[in-house]
Amino acid sequence: DTAVSQTPKYLVTQMGNDKSIKCEQNLGHDTMYWYKQDSKKFLKIMFSYNNKELIINETVPNRFSPKSPDKAHLNLHINSLELGDSAVYFCASSQDMAGGSDTQYFGPGTRLTVL
Amino acid sequence: DAKTTQPNSMESNEEEPVHLPCNHSTISGTDYIHWYRQLPSQGPEYVIHGLTSNVNNRMASLAIAEDRKSSTLILHRATLRDAAVYYCIPQDSNYQLIWGAGTKLIIKP
């Protein structure tokens, strides 16, 4: 069984559209994350949820809205897509974000291309 | 927040040990050092982490300098499947992982 799964794997869409990426983890973890990896390969954290509550919200346009219906899911909704949103988006989970020795488990990524 | 310095890339021969260095001179005394790797077209994967003592697991060993300003990830016998970008990542005061550019490890058969 896949520990952290994301759908879709690829997403190609036009500028101005609204799209969602779904993430599910079956590890029983309390914390989930969304990262963005741009063309230069830097990974930047976007959001973190702990037990369905938003913990970290980095400087991300408010067109990006995470939603956590339950502890095992963290979905990312993006409104009014822009060219600069093209990137690979990774979902991750960990048992306890507040622990310094916590380990994060990543999904396979969703490659978003905005035309 | 601690910053890291890693070589952009390194090459190694298959079946030989690989030592991947990382400088993190501004790390605070309580921040863990994490290492992750990212294989081509995959999500990052945890490798190892440590605080002060050297650490070993089935994937690798982590040697941490006594002053904690640097660390070295050791792959004891590199295989072609170890070709990846390796990230040395200190955690910050909010326990977030601060990702840098990493080291691209190239394994030559």
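Model, not experiment: these values are computed from the prediction.

## What about the overall build of chain B?
Counting secondary structure elements, chain B contains zero helices and nine strands. Overall, chain B shows an N-to-C arrangement of helices and strands of β-β-β-β-β-β-β-β-β. Its C-alpha radius of gyration of 13 Å places chain B within 12% of the 13 Å reference for a compact globule of 109 residues. For chain B, the C-alpha atoms occupy an extent of roughly 40 × 30 × 20 Å along the three principal directions. Counting all 109 residues of chain B, 45% fall into the buried class. Contacts spanning at least 24 positions in sequence make up 54% of the contacts within chain B whose residues lie at least 6 apart. Per element, the accessible surface of chain B, about 5500 Å² overall, is 47% carbon and sulfur. The averaged location of the 11 negative side-chain charges in chain B is 3 Å from the averaged location of its 9 positive side-chain charges.

## Observations concerning the overall build of chain A
Check the secondary structure of chain A and you find zero helices and eleven strands. Along the chain direction, N to C, the helices and strands of chain A fall in the order β-β-β-β-β-β-β-β-β-β-β. For chain A, the C-alpha radius of gyration of 13 Å lies close to 13 Å, the compact-globule estimate for 115 residues. By principal-axis analysis of the C-alpha atoms, chain A measures approximately 40 × 30 × 30 Å.

## Re the sheet that holds strand S9 (residues 103-108) of chain B
Residue and element names in this part refer to chain B. With mixed pairing, the five strands of this open sheet are ordered in space as S1-S9-S8-S3-S4. Since the sheet does not close on itself, it has two edges, and those belong to strand S1 (9-13) and strand S4 (45-50), each with one partner. Ignoring which end each strand starts from, the neighbouring axes of this sheet average 25° apart. Sheet analysis places strand S8 (residues 84-90) next to S9, joined by three bridges and oriented antiparallel. Within S9, the position partnered with Tyr86 by the bridge is Thr103.

## Details of the interface of chain A and chain B
Many analyses report the size of an interface as the accessible area lost when the parts associate. Contact residues are listed per partner, giving 20 residues for chain A and 18 residues for chain B. For the pairing of chain A and chain B, the buried interface totals around 1500 Å² over both sides, and the portion due to carbon and sulfur atoms is 56%. Linking chain A to chain B there are zero salt bridges. Our count for the chain A to chain B interface comes out at two residue pairs in polar contact (both at pLDDT 80 or more). Mapped by element, the contributors of at least two residues to the side of chain A that touches chain B are strand S4 (31-37) and strand S5 (43-50) of chain A. Here the side of chain A that touches chain B is composed, by residue class, of ten nonpolar, seven polar and three charged.

## With respect to the pairing of S8(B)
Residues and elements named next belong to chain B. Within S8, six of the seven residues are buried, which leaves the element mostly enclosed by the surrounding structure. Relative to S8, strand S3 (residues 33-38) runs antiparallel, the two being bridged by six bridges. Opposite Arg37, over in S8, you have Tyr86 as the bridge partner.

## Some details on the state of the cysteines
Counted under the stated rule, the structure contains two disulfides over all chains. Disulfide pairing places A:Cys23 opposite A:Cys91 at an S-S distance of 1.8 Å. Handedness here is read from the sign of the S-S torsion; for A:Cys23 and A:Cys91, about -75°, the answer is left-handed. Taken as a pair, A:Cys23 in strand S3 (residues 19-25) and A:Cys91 in strand S9 (residues 87-94) lie far apart in primary sequence, 68 residues in all. In terms of burial, A:Cys23 and A:Cys91 fall into one category: buried. Covalently, B:Cys22 is tied to B:Cys88 through a disulfide, its sulfur atoms 2.1 Å apart. With the S-S dihedral at roughly -80°, the linkage between B:Cys22 and B:Cys88 falls on the left-handed side.

So, how was this worked out
Residues numbered from 1 in each chain as written. Chains lettered and ligands numbered in written order. Predicted model: local features only at pLDDT ≥ 70, side-chain atom pairs only at ≥ 80, totals over all residues. Heavy atoms only, no water. Helix = DSSP H or I, 4+ residues; strand = E, 2+ residues; numbered from the N terminus. Rg over C-alpha atoms; globule rule 2.2 N^0.38 Å. Buried < 20%, exposed > 50% of the residue type's maximum accessible area, 1.4 Å probe, protein only. Contact = heavy atoms within 4.5 Å. Areas by Shrake-Rupley, 256 points an atom, 1.4 Å probe, with all protein chains shown as cover. Lys, Arg positive; Asp, Glu negative; His and termini not counted. Charge placed at Lys NZ, Arg CZ, Asp CG, Glu CD. Pairing = 2+ DSSP bridges. Axes fitted to C-alpha atoms, helices over the stretch in contact; angles between N-to-C directions. Buried area = accessible area lost by both parts, 1.4 Å probe. Salt bridge = Lys/Arg side-chain N within 4 Å of Asp/Glu carboxyl O. Polar contact = N/O pair within 3.5 Å; in protein donor to acceptor, adjacent residues only side chain to side chain. Nonpolar A, V, L, I, M, F, W, Y, C, P; charged D, E, K, R; others polar. Disulfide = S-S within 2.5 Å.

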